[in-house]
Amino acid sequence: MDRIDRLSPFIVMDILRESQKFEDVIHMEIGEPDLDPPPGALEELNRAIRDRRYFYTPALGLMELREKVAEFYHLKYGVDVSPERVVITTGTSGAFLIAYSILMNAGDRVILPDPSYPCYKNFAHLLDISPEFIPVGKDTNYQITPEMLEEKEAKAVHVSSPANPTGSLYDRETLSSLVEKAEGMGMHFISDEIYHGLVYEVREHTALEFSDNAIVINGFSKYFCMPGFRLGWLILPQELVRKAEVVMQNVFISAPTLSQYAALGAFDYEFLQNVKKIFSERREVLYTGLKELFEIDAKPQGAFYVWANVERYSENSYEFCIKLLKEAKVAATPGIDFGRNNTDRYIRFSYTKEVPHLEEGLRRLKEYLL
Ligand SMILES: Cc1ncc(COP(=O)(O)O)c(C=O)c1O
């Protein structure tokens, strides 16, 4: 099979395109915040334009921004990370490409949970790395446990916490024992922490609390409300930084300069606290409403998604989503976007729109389904 044919489409983007053909659709498929970026980010962006910052930055990113990211780890988690270990990337998407290309060779295996964020496996395919899926379900809160790694042979384990699509968050014990187990077996632990900050009722932990060798990825697209700025970061053990620099130089030259300057103003902790409050209120509304209509395995602890079992209505999540879109004018993402493990029985709703929009969506769903 040609390499390109192993890549699957990102179905949510297909649904988004389809939904644009109809008027007055309620959008619960979109996985990006609707909120404006922190005002300080926009001020810095304007200043950068005024100062004509139109040139490439160093391949690893602006040192000032790498320092801000390092400071974030100190303030948020009490972890000391040298700014030298921070690589500024073109979104976390760019960070996945770099991490995979410096950690693995063609033919190596990367362990991923099923369900999980659909693009991970496609980054693997692009580099002729084999994704090896571990099916996870409600019995383990959709998480890979250390026991599940027994007997596995792979170069890396890659998880996100909070997770897309389930909103499940690794607690301290499970995360620390998983990192320890993976590294003890000689695997790299890749931790996608892009939904950190959007964690409700409990507290999130970075994998860096448990190991300096963990590969940590985060970015500005979710909590910082800057998805279109295409900016993320990667934290690496010092000895891998030069390798990442070489990939950055060749593939991207540098992350977008104006976005990097804008991000200098993004660490506004009061603003970010309010972002979390807004998503927390939306979560209550959507979760409470959807619970009346669908079986929901667990209240999501983070991110901005609800993973709903639609079995009582359909055993084909894709067809079900198309019907919801055409007949109820509600857009949601079919579970099959996220894997093959029972995903035809689930769909993902997102709460990335205002409460009245979500309430209207719930009203339409009720009218259509009940
Ligand atoms: C788990 C997860 N990781 C990464 C990304 C990609 O984000 P970025 O905009 O940083 O490339 C997404 C986007 O939805 C996501 O859900």
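Residues numbered from 1 in each chain as written. Predicted model: local features only at pLDDT ≥ 70, side-chain atom pairs only at ≥ 80, totals over all residues.

Colleague: Explain the sheet that holds strand β5 (residues 156-160) to me, please; I cannot follow it from the model alone.
Modeller: Backbone-to-backbone hydrogen bonds pair the strands of a sheet. The strands run either parallel or antiparallel. Read from one edge to the other, the open sheet built from seven strands follows the order β2-β8-β7-β6-β5-β3-β4, with strand pairing classed as mixed. Each having just a single partner strand, β2 (86-89) and β4 (130-135) make up the two edges of the open sheet. Going from strand to strand, the sheet's axes swing by 25 degrees on average, the running direction of each strand aside. Note that β5 and strand β6 (residues 188-192) share five bridges and pair parallel. Counted as the bridge partner of Val-157 is Phe-189 from β6. (Pairing = 2+ DSSP bridges. Helix = DSSP H or I, 4+ residues; strand = E, 2+ residues; numbered from the N terminus. Axes fitted to C-alpha atoms, helices over the stretch in contact; angles between N-to-C directions.)

Colleague: Could you clarify how one ought to interpret the sheet that holds strand β9 (residues 295-296) in this entry?
Modeller: Pairing within the open sheet is antiparallel, and its four strands lie in the order β9-β10-β13-β12. Each end of this open sheet is capped by a strand with a single partner; those strands are β9 and β12 (333-334). Pairing analysis gives five bridges linking strand β10 (residues 305-309) to strand β13 (residues 346-350), with the strands arranged antiparallel. Paired with Trp-307 across the strands is Arg-348, a residue of β13.

Colleague: Teacher, can you tell me more about the pairing of strand β7 (residues 215-219) here?
Modeller: The two faces of the sheet receive side chains in turn, since in a regular strand these alternate between them. The buried fraction of β7 amounts to five of the five residues, a majority that puts the element mostly inside the structure. Note: β6 against β7, three bridges, orientation parallel. Within the sheet, the bridge partner assigned to Ser-191 lies in β7 and is Val-216. Two elements, β7 and strand β8 (residues 232-235), share four bridges in a ladder whose sense is antiparallel. By the bridge assignment for β8, Asn-218 is matched with Trp-233. (Buried ≥ 20, exposed ≤ 12 C-beta atoms within 10 Å, placed from the backbone.)

Colleague: Honestly, the packing of helix α5 (residues 91-103) against helix α8 (residues 238-252) in this entry has me stumped. Any pointers?
Modeller: Helix-helix packing is described using two parameters, namely the angle between the two axes and the distance between the axes. Direction vectors running N to C along α5 and α8 enclose 125 degrees, while the axes themselves pass 10 Å from each other. With respect to α8, the axis of α5 lies oblique. The handedness of the crossing between α5 and α8 is right-handed. From α5, Gly-94, Ile-98, Ser-101 and Ile-102 reach across to α8, where they touch Leu-240, Lys-243, Ala-244, Val-247, Met-248 and Phe-252. Of the residues belonging to the contact of α5 with α8, the class tally is seven nonpolar, two polar and one charged. (Parallel < 35°, antiparallel > 145°, perpendicular 65-115°, else oblique. Left-handed = near helix turned anticlockwise from the far one by under 90°. Contact = placed C-beta atoms within 7 Å. Nonpolar A, V, L, I, M, F, W, Y, C, P; charged D, E, K, R; others polar.)

Colleague: Looking at this model, I keep getting lost on the site of the ligand. Mind explaining?
Modeller: Gly-91, Thr-92, Ser-93, Asn-164 and Ser-221 are the nearest of the 13 residues found near the ligand. If you tally residues by element for the shell around the ligand, the top one is α5, at three residues. In the shell around the ligand, the residues fall into three nonpolar, nine polar and one charged. (Near = placed C-beta within 6 Å.)

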